[in-house]
Amino acid sequence: MKLEKGWTWLLLLLLSTLAVAAVVAHEKQSEADVSDVVVDDDDDDMGLDEEELKVLMAEDESEQVKETHSKSTASEKDTDSNVSFQVTYRTPVPTGDVYFAETFDDGSLDRWQLSKTVKEDADGDVAKYDGKWAVEQLKENKVPGDQGLVLKSRAKHHAISAMLDKPFVFKDEPLVIQYEVNFQDGIDCGGAYIKLLSDTGSLNLEQFHDRTPYTIMFGPDKCGEDYKLHFIFRHKNPLNRDMEEKHAKRADVDLKKFYTDKKTHLYTLLLNPDNSYELFIDQSSVSRGNLLEDMVPPVNPPKEIDDPNDSKPDDWDERAKIPDPEAVKPDDWDEDAPAKIEDPDALKPEGWLDDESEFVPDPNAEKPEDWDEEMDGEWEAPQIPNPACETAPGCGVWKRPMINNPQYKGKWKAPLVDNPNYQGVWKPRKILNPDYFEDLQPFRMTPFKALGLELWSMTSDIYFDNFIITSHKEVADRWASDSWGLKKLVASANEPGIFAQLMMAAEERPWLWVIYILTVGLPVGLLVLFCWPKKSDDDYVYKKVDPPKADVEEEEEEEEEEEEEDKGAEATEAAPAAEEAEEDAEAGGDNVEGDDDEEEEEEEEDEEEGEDESKAPGRTLEDEMKDEGDVAEESHKQAVRKRRVRKD
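Residues numbered from 1 in each chain as written. Predicted model: local features only at pLDDT ≥ 70, side-chain atom pairs only at ≥ 80, totals over all residues. Heavy atoms only, no water.

## Remarks on the overall build of the chain
Okay, so step 1: Secondary structure summary: the chain contains 13 helices and 25 strands in total.
Okay, so step 2: Here the chain holds 648 residues, and 31% of them are scored as buried.
Okay, so step 3: At a minimum sequence separation of 6, the contacts of the chain that also span at least 24 residues come to 77%.
Okay, so step 4: Taken as a whole, the chain presents about 42400 Å² of accessible surface, with 51% of it coming from carbon and sulfur. (Helix = DSSP H or I, 4+ residues; strand = E, 2+ residues; numbered from the N terminus. Buried < 20%, exposed > 50% of the residue type's maximum accessible area, 1.4 Å probe, protein only. Contact = heavy atoms within 4.5 Å. Areas by Shrake-Rupley, 256 points an atom, 1.4 Å probe, with all protein chains shown as cover.)

Set out below in structure tokens:
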């Protein structure tokens, strides 16, 4: 009972430990989410002058006062019943110089222009940019007061754009583009990327379509199982002035979760004057590179190209191996031998029915009444398996089974040897590239002055929010902490617990139950195997075994038999016994002394054995029991010897 109670407490302790660990992990995650919202003062100070820092400090103080006041009056205000975690939201304000900033919190699209044109390469109603847009709150994890731009139509072309506060010119300052996307209903096929429209004299936002010139395209895109994060810029060829699209390499991480978790994610592009770039999702870097080295196709063409007029000579030999010209086919090589032959050792099974066919006409079949022999031909009953063959090993003509032919070698081919005339793989000669140029500053792209979304999607309710274009990464980070940071905090607070998440994951992937069982069962099994208490020697109660005693009855029988033998010997040898008696009388004293000496020697041996036993250290109970048995047996033998001596 004590062991059972002990193991019960051990199991309860193990379960409680797992529960505490899960709660601690969840709390740490919540704390991490809160810490992500806060931006370090050192980061805010970077790139800002003293006046901007003073403005920031003043805004922080005013925000703290407003938050304190809002907390004191929170109980008096009605809260949104759909929001399980309440936060104090205030429309973010840029803390530095920006080229564009949009929050949609005013609920209007006055700044934005819907496209009124049609797509050039489409037909009919499909070509129209008639997709609907709206300003709404999130469906889940709402932040009271926060709104965003929502793509409302599916299987439609959408186009909407807005002018920047001032054009961005690529000179000596970095470019930072940042905005939020939430695929509220997931995404089947569609994009959520933005285009920075080039500053051309003919830019008309009402005529914004897929062919409108742009400088940079950036954002997520997905179709089928291909998840992408686009970064494309259009580079002008300095020789012919043509614009070519240059695509950045794919992101280094798996992007699937950002499209399927129905959470708001933050996408950021940082482009530096030294031609380096970096892509961020949720403020974590997912790809980085250089405009000169990591774009496809490369910005600068190769200096040399293959000569298009060069051709391979007719006598050029590219064969590394050739058949041995000196090889001869062996005389015993038979190319006509079949690959399979009949088994000569096969025997026809007994009972094989040669005269029976495998199938016979169905005797119960009847010709249909509507059968027309002129049109359908002569009617024949359908074939069924022959009932006589069911009990026989087979029916019909017996044929030997086929086996591999041991003499088969196939078509003879000469072995291959190194080609003495091998010249290697032919390549055309190189010539200077007539279209070669070298642009060491691809960062200096075409200026842009508008931001646009031109999208086709098979899924509706794609949420966009908090666009910002600036030259300071710190300004974008502060903007994100005041907007996206609150969304992340609310989403984290509304997430189910660790156990609920495990159950949800197991519902989607049932094979996870095996991992769960192994994860819990393996440690428990190891604990049982290595920690189960073993019985010690003290737990065993040894029972003292009585030493074996001499069987008195057996001794008496032996004595009686000996006495009878002695009497018979005396009756048959009376005369010699008389003579021996006289001799014994003379030597009687000597025998008595001899008996006494033997008895004394036996007593001395017993005493020595007793002393040896007393001197032996660390003797166990089993050894003592064994010794007692040996002593009893030895004493029995000594007693028998003494009786025989006395009789003699």
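## Side note on the confidence of the model for the chain
Okay, so step 1: Chain-level statistics for the chain give a pLDDT mean of 77 and a share of 68% at 70 or above.
Okay, so step 2: Within the model, pLDDT remains below 50 along residues 574-598, and this stretch shows two contacts once partners closer than five positions in the same chain are excluded.
Okay, so step 3: Every residue in residues 609-621 is under pLDDT 50, and counting partners more than four places away or in other chains gives six contacts. (pLDDT = per-residue confidence, 0-100.)

## Overview of the pattern of salt bridges
Okay, so step 1: Per the counting criterion, the structure on display carries 33 salt bridges.
Okay, so step 2: For Asp 97, the salt bridge is made with Lys 166, and the minimal N-O distance between the two is 3.2 Å. Here the residue Asp 97 occupies a position in the loop between α3 (50-72) and β1 (98-102), and Lys 166 occupies one in strand β5 (residues 156-168), the gap between them amounting to 69 residues.
Okay, so step 3: Look at Lys 166 and you get partly exposed, because its relative accessible area is 34%. (Salt bridge = Lys/Arg side-chain N within 4 Å of Asp/Glu carboxyl O.)

## What to know about unusual backbone geometry
Okay, so step 1: A cis amide bond links Val 296 with the next residue in sequence, Pro 297, at an omega value of -10°.
Okay, so step 2: Along the chain, the position of Pro 297 falls in the loop between β15 (295-296) and β16 (304-306).
Okay, so step 3: Phi is positive for Asn 275, which is not a glycine, with a value near 75°.
Okay, so step 4: With respect to the element layout, Asn 275 can be found in the loop between β12 (265-271) and β13 (276-281).
Okay, so step 5: Overall, Asn 275 belongs to the buried group, its relative accessible area being 4%.
Okay, so step 6: With a phi close to 65°, Gln 283 is a non-glycine residue in the positive phi region.

## Focus on empty space enclosed by the protein
Okay, so step 1: This structure, assessed with the given rule, holds two cavities of 30 Å³ or more.
Okay, so step 2: Computed from the structure, the second largest cavity encloses a volume of approximately 50 Å³.
Okay, so step 3: Taken together, Leu 138, Lys 139, Glu 140, Asn 182, Gln 184 and Lys 262 form the lining of the second largest cavity.
Okay, so step 4: Residue classes in the lining of the second largest cavity are distributed as one nonpolar, two polar and three charged. (1 Å grid on protein atoms, 1.4 Å probe; cavity = no way out; pocket = protein on both sides within 12 Å on 5 of 7 lines; lining within 4 Å. Points joined across faces, edges and corners; volume = space filled by probe spheres on them. Nonpolar A, V, L, I, M, F, W, Y, C, P; charged D, E, K, R; others polar.)

## Overview of the nonpolar core
Okay, so step 1: Ranked by internal contacts, the top residues of the largest apolar core, which has 63 residues, are Ile 216, Phe 231 and Phe 464.
Okay, so step 2: Among all residues touching Ile 216, those that are not within four sequence positions of it are Phe 170, Leu 175, Ile 177, Ile 194, Lys 195, Leu 196, Phe 231, Ile 232, Phe 233, Leu 269, Leu 271 and Met 445.
Okay, so step 3: Listed in part, the six residues of the second largest apolar core include Val 87, Tyr 89, Val 143 and Val 490. (Core = buried A, V, L, I, M, F, W, Y, C linked by side-chain atoms within 4.5 Å.)

## Quick look at the environment of Asn 466
Okay, so step 1: Locating Asn 466 in the fold gives a position in strand β25 (residues 462-470).
Okay, so step 2: When its relative accessible area of 1% is taken as the criterion, Asn 466 is described as buried.
Okay, so step 3: Through-space distance from the C-alpha of Asn 466 to that of Asp 105 is 9.3 Å; in sequence the pair is 361 residues apart.
Okay, so step 4: Each residue touching Asn 466, except ones within four places of it in the same chain, is listed here: Pro 92, Glu 102, Thr 103, Gln 178, Tyr 179, Glu 180, Trp 479, Ser 483 and Lys 487.
Okay, so step 5: For Asn 466, the side chain forms a polar contact with the side chain of Glu 180, separated by 2.7 Å.
Okay, so step 6: Among the polar contacts made by the side chain of Asn 466, one reaches the side chain of Asp 465 at a distance of 3.4 Å. (Polar contact = N/O pair within 3.5 Å; in protein donor to acceptor, adjacent residues only side chain to side chain.)

## Notes on helix α6 (residues 473-482)
Okay, so step 1: Along α6, nine of the ten residues are buried, which leaves the element largely enclosed by surrounding structure.
Okay, so step 2: Taken as a whole, α6 has its buried residues at Glu 474, Val 475, Ala 476, Asp 477, Arg 478, Trp 479, Ala 480, Ser 481 and Asp 482.

## Concerning the state of the cysteines
In a disulfide, the sulfur atoms of two cysteines are covalently bonded to one another.
Okay, so step 1: Taken as a whole, this structure holds two disulfides when the rule is applied.
Okay, so step 2: For Cys 189, the disulfide goes to Cys 223, at an S-S distance of 2.2 Å. Measuring handedness by torsion sign, the sulfur bridge of Cys 189 and Cys 223 sits at about -90° and is left-handed. In this pair, Cys 189 is assigned in strand β7 (residues 189-191) and Cys 223 in strand β9 (residues 214-223), connecting sequence segments 34 residues apart.
Okay, so step 3: In this structure Cys 223 comes out as partly exposed when scored by relative accessible area, which is 43%.
Okay, so step 4: What pairs with Cys 389 in a disulfide is Cys 395, and their sulfur atoms sit 1.7 Å apart. Note on the Cys 389 and Cys 395 pair: the S-S dihedral is about -125°, so by sign convention the disulfide is left-handed. Across the pair, Cys 395 and Cys 389 agree in class, each one buried.
Okay, so step 5: Once the disulfide-bonded cysteines of the chain are ranked by sequence position, their pairing pattern turns out to be 1-2, 3-4. (Disulfide = S-S within 2.5 Å.)

## Things to note about the pairing of strand β10 (residues 226-236)
Okay, so step 1: In terms of burial, β10 is a largely internal element, eight of the eleven residues being buried.
Okay, so step 2: Taken together, the five bridges between β10 and strand β11 (residues 243-248) define a ladder with antiparallel strand orientation. Looking across to β11, one finds that Ile 232 is bridged to His 247.
Okay, so step 3: Between β10 and β11, which follow one another and run antiparallel, lie six residues, and Arg 241 among them has a positive phi close to 70°. (Pairing = 2+ DSSP bridges.)

## So, the packing of aromatic side chains
Okay, so step 1: By the definition in use, this model includes 17 aromatic pairs.
Okay, so step 2: With centroids separated by 6.3 Å and ring planes inclined at 50°, the aromatic side chains of Trp 133 and Phe 464 adopt a geometry described as tilted. Here Phe 464 lies in strand β25 and Trp 133 lies in strand β3 (residues 133-136), a separation of 331 residues in the sequence.
Okay, so step 3: According to the relative accessible area criterion, Phe 464 is buried, its value standing at 0%. (Phe/Tyr/Trp six-rings, centres within 6.5 Å; stacked < 30°, edge-to-face > 60°.)

## Points about the packing of α6 against helix α7 (residues 484-494)
Okay, so step 1: In contact at an axis separation of 3 Å, α6 and α7 are set at 40° when each is read in the N-to-C sense. Judged by the angle between their axes, α6 and α7 are oblique. Only Trp 484, Gly 485 and Leu 486 of α7 make contact with α6, whose side of the interface consists of Ala 480, Ser 481 and Asp 482.
Okay, so step 2: Here the contact of α6 with α7 is built from residues that sort into three nonpolar, two polar and one charged. (Axes fitted to C-alpha atoms, helices over the stretch in contact; angles between N-to-C directions. Parallel < 35°, antiparallel > 145°, perpendicular 65-115°, else oblique.)

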